[in-house]
Amino acid sequence: MGKYVIAGNWKMNKTPAEATALINELKPLVANASCDVIVGVPFVDLPAALEATAGTNIGVAAQNCHWKESGAYTGEISAAMLKAMGVGTVILGHSERRTYFGDTNETVAQRVRGALDAGLNVILCVGEYLEQREQGVTGEVVAMQTKIALGGVSEEELKRVIIAYEPVWAIGTGKTATAEQANEVCALIRATVAGLYNDAAAKALTIQYGGSMNAGNAADLLAQPDVDGGLIGGAALKANDFSIIVAAAK
Ligand code: 13P
């Protein structure tokens, strides 16, 4: 993984045929990207996405995985299964999973463990709710999420982890964190990682911002010293908008 990474999180959008069409539209637009480019697609779109991206500079991510390799877990998908089909990365701990599907800091940590054991790269999402920001505990919340998720992750394994700072109040709301707010929390995450490991590991870590990042505000956010990329929801569903964000990551 390079330092700058722009990843799309398509969430629960696009059929396999629509995924192929969007990736085919995207391919020429990002072919000369100077950052890493990833599309995070629904499970059922993974075969289509892997086929459409073969031989290109676009990586493919899943949006979740279970921590066990196999077993009686109806409806779940293991990291080993993703790895076996050629998926490179998995998004874990997204706030939508924490809010709607019961993911906790502890189960996110288990998923991170399972994904790293299977050989996947991880995009670990952290971020505070609006009430937490208003109560002045953003730093504590994000540091705790980071520390628990990285518990047991070695310095060598950390090289396969990206952290995405996604303030929940900025996701899908059109309310972007200001570039200064984004940078402040990304810097805090980096300091937390420095405390867990060391300065070099923290410096090498890719920290993304996510939350209403779009073609208009990406350059400002990505210019911040501690913002090394983006995790993009809505704007990742439009090839042209996504490619503008990719071009802004230099
Ligand atoms: P939006 O870009 O739609 O706000 O979503 C951000 C996000 O949740 C990416 O994971």
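Before reading further, recall that the structure is shown in the block above.
Residues numbered from 1 in each chain as written. Predicted model: local features only at pLDDT ≥ 70, side-chain atom pairs only at ≥ 80, totals over all residues. Heavy atoms only, no water.

Visitor: Explain helix α2 (residues 46-53) to me, please; I cannot follow it from the model alone.
Guide: It helps to recall that an α-helix has 3.6 residues per turn; residues three or four apart then point in one direction. In terms of burial, α2 is largely enclosed, as 6 of its 8 residues are buried. Among the residues making up α2, those that are buried are L46, A48, A49, L50, A52 and T53. Looking at the buried residues of α2, the elements they touch are α1 (16-30), β3 (58-62) and α3 (79-85). Two residues or fewer past α2, G55 is found with a positive phi of approximately 75°. (Buried < 20%, exposed > 50% of the residue type's maximum accessible area, 1.4 Å probe, protein only. Helix = DSSP H or I, 4+ residues; strand = E, 2+ residues; numbered from the N terminus. Contact = heavy atoms within 4.5 Å.)

Visitor: Whenever I open this one, the pattern of salt bridges confuses me. Can you help?
Guide: One side chain can pair with another of opposite charge once the charged atoms of both are near each other. Throughout the structure, instances matching the rule amount to 10 salt bridges. Of the charged contacts in the structure, one is a salt bridge between D103 and R111, with a shortest N-O distance of 3.1 Å. With respect to class, D103 is no different from R111; both count as buried. (Salt bridge = Lys/Arg side-chain N within 4 Å of Asp/Glu carboxyl O.)

Visitor: What is the right way to look at the pairing of strand β7 (residues 206-210) in this model?
Guide: Each regular strand carries side chains that alternate between the two faces of the sheet. Along β7, 5 of the 5 residues are buried, which leaves the element largely enclosed by surrounding structure. Examined bridge by bridge, strand β6 (residues 161-165) and β7 share 4 bridges and lie parallel to one another. Bridging from a neighbouring strand, I162 pairs with T206 of β7. With 2 bridges connecting them, β7 and strand β8 (residues 229-232) associate as parallel partners. (Pairing = 2+ DSSP bridges.)

Visitor: How should I be thinking about the site of the ligand in this particular structure?
Guide: Every residue lining the ligand is accounted for by N9, K11, H94, E166, A170, I171, G172, G211, S212, L231, G233 and G234. N9 places a side-chain nitrogen or oxygen 3.0 Å from an oxygen atom of the ligand. For the ligand, an oxygen atom lies 2.8 Å from a polar atom in the backbone of G234. (Near = heavy atom within 4 Å. Polar contact = N/O pair within 3.5 Å; in protein donor to acceptor, adjacent residues only side chain to side chain.)

Visitor: Can you walk me through the packing of helix α7 (residues 138-149) against helix α9 (residues 179-196) in this structure?
Guide: The description of two packed helices rests on the angle between their axes and on the distance between the axes. Where α7 meets α9, the closest approach of the two axes is 10 Å, and the angle between their N-to-C directions is 45°. On the basis of the axis angle, α7 is oblique to α9. Classified by chirality, the crossing of α9 by α7 is right-handed. Residues T138, G139, V142, A143, T146 and K147 of α7 form the contact with α9, whose participating residues are V185, L188, I189, T192, V193 and L196. Its residues assigned to classes, the contact of α7 with α9 shows 7 nonpolar, 4 polar and 1 charged. (Axes fitted to C-alpha atoms, helices over the stretch in contact; angles between N-to-C directions. Parallel < 35°, antiparallel > 145°, perpendicular 65-115°, else oblique. Left-handed = near helix turned anticlockwise from the far one by under 90°. Nonpolar A, V, L, I, M, F, W, Y, C, P; charged D, E, K, R; others polar.)

Visitor: Whenever I open this one, the environment of D241 confuses me. Can you help?
Guide: Of note, D241 is situated in helix α12 (residues 239-248). Accessibility expressed as a relative area gives 23% for D241, which makes it partly exposed. C-alpha of D241 to C-alpha of L26: the two residues are 215 residues apart in sequence and 9.8 Å apart in space. Look past the residues within four positions of D241 in its chain and what remains in contact with it is A215 and A235.

Visitor: Even after reading the chapter, I still don't get the environment of W67, so can you show me in this structure?
Guide: Looking at the element boundaries, W67 is found in the loop between β3 and α3. The residues touching W67, leaving out its near neighbours within four places in the chain, are T107, Q110, R111 and G114.

Just distances and angles here, no functional claims.
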